[in-house]
Amino acid sequence: MRVLVTNDDGYDADGLIAVASALKAAGHDVVVGAPSSERSGSGSSLGTIEDGALITMTEHRLPGLGDTPVFALDCPPALTVVAFCAGAFGPPPELVVSGINEGHNTGRSILFSSTVGAVLAARVAGVSGVAVSCGFAPHHRYDTAAAVTERVVGWMADARATRMTLNVNVPDVDFADLRGIRVSALAGRSMFTLRLSRTENGLLINRDERQDGFREGTDSAAVADGYVSLSALRGVGADNDSLDDAETALRQAMTRDDVVGVARLG
């Protein structure tokens with residue numbers, strides 16, 4: 001497959017090099033397009049969309065990737081993905097791999113993850129994606145996560161007719177010590193939390209990691225138990241069923257005599 005590898009930690013991050021090397025060794029046609037600097041926590045933000053804006057780009061070669069083209073762009077990964085999927089850098093990718101992120105992206109807080117945001121942007125463009133994460137340093141195991149990703153991508157290549165967006169989280173153990181794979185729901189709690197406190201000069205951010213207290217069957221629980229967590233993401237879609245009551249109430253409000261100058265619904 002033609003695979004775009006991106007991340008939110010910068011184009012030369014160790015996790016990106018590990019997964020790009022594994023995919024290249026497996027025979028995939030790899031191109032790297034990633035932020036020129038760290039962009040964690042930006043979700044699916046595109047950055048600027050001002051008419052005529054110019055995003056700075058430089059091209060590189062990285063150790064271990066041979067002649068693989070590496071493009072560093074001064075923007076969040078989501079905009080990079082949109083540009084590649086639109087054909088701005090040659091034939092669009094068949095698959096976007098985002099990662100390997102340092103820090104597990106589990107639970108509903110993946111809303112803020114730009115590792116995940118990159119594959120959601122690919123989904124909007126009609127391209128499948130895999131977001132991959134492992135733990136924080138010094139325990140992170142990019143080697144294990146890269147080996148898992150190579151196998152996931154191989155499976156997706158066989159099933160390329162099926163469009164899908166996956167969030168993969170890998171425990172920080174030897175590949176041989178992985179207990180297996182669990183298809184998981186998003187947990188209510190992620191594997192780390194942020195403590196925010198006001199100081200004299202601004203806002204202080206502290207990160208606390210956690211390994212327990214997760215509901216069984218969720219992505220956080222799977223990783224804590226030593227399993228690779230595999231979660232399918234739907235991307236952007238309207239939850240129209242939950243709007244039925246709101247629509248009824250709005251229709252009633254819009255037809256009252258005291259509503260003046262507002263067009264009726266329907």
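Residues numbered from 1 in each chain as written. Predicted model: local features only at pLDDT ≥ 70, side-chain atom pairs only at ≥ 80, totals over all residues. Heavy atoms only, no water.

Notes on the sheet that holds strand 1 (residues 2-6)
Step number 1: Strands sit in the order 3-4-2-1-5-6-7-11-8 across an open sheet of nine strands; the sheet is mixed. If you trace the sheet from one side to the other, it starts and ends with strand 3 (57-60) and strand 8 (181-183), each paired once. The sheet shows a mean angle of 20 degrees between the axes of neighbouring strands, taken without regard to direction.
Step number 2: Bridge count between strand 1 and strand 2 (residues 29-35): four bridges; the pairing is parallel. Residue pairing across strands places L4 opposite V31, the latter belonging to strand 2.
Step number 3: Each of strand 1, strand 2 and strand 5 (95-102) is contacted by helix 1 (residues 14-25), which is oriented at about 140 degrees to strand 5, the strand it contacts most. (Pairing = 2+ DSSP bridges. Helix = DSSP H or I, 4+ residues; strand = E, 2+ residues; numbered from the N terminus. Axes fitted to C-alpha atoms, helices over the stretch in contact; angles between N-to-C directions. Contact = heavy atoms within 4.5 Å.)

Observations regarding the pairing of strand 4 (residues 70-73)
Step number 1: Neither face of strand 4 is open: one carries V70 and A72, the other F71 and L73, and all of them are buried.
Step number 2: The sheet contact formed by strand 2 and strand 4 spans four bridges and is parallel. Bridge pairing in strand 4 places G33 opposite F71.
Step number 3: Alignment of strand 3 against strand 4, held across four bridges, turns out to be antiparallel. Counted as the bridge partner of H60 is V70 from strand 4. (Buried < 20%, exposed > 50% of the residue type's maximum accessible area, 1.4 Å probe, protein only.)

Digging into the pattern of salt bridges
Opposite charge on two side chains permits pairing when their charged atoms draw close.
Step number 1: As enumerated under the stated definition, the model contains 10 salt bridges in all.
Step number 2: Of the charged contacts in the structure, one is a salt bridge between R141 and D174, with a shortest N-O distance of 2.8 Å. Here D174 lies in the loop between strand 7 (165-169) and strand 8 and R141 lies in the loop between strand 6 (128-134) and helix 4 (142-158), a separation of 33 residues in the sequence.
Step number 3: On the basis of relative accessible area, R141 is assigned to the partly exposed category, the value being 22%. (Salt bridge = Lys/Arg side-chain N within 4 Å of Asp/Glu carboxyl O.)

Things to note about the pairing of strand 7
Step number 1: Here strand 7 lies mainly inside the structure; five of its five residues are buried.
Step number 2: Because side chains alternate across strand 7, one face comprises the buried residues T165, N167 and N169, and the other comprises L166 and V168, equally buried.
Step number 3: One ladder, built from five bridges, connects strand 6 with strand 7; its direction is parallel. Looking at the pairing, A131 lines up with N167 of strand 7.
Step number 4: Bridge count between strand 7 and strand 11 (residues 228-232): four bridges; the pairing is antiparallel. Within strand 11, the position partnered with N167 by the bridge is S231.

Take it as geometry only, folks, not as evidence of what the structure does.
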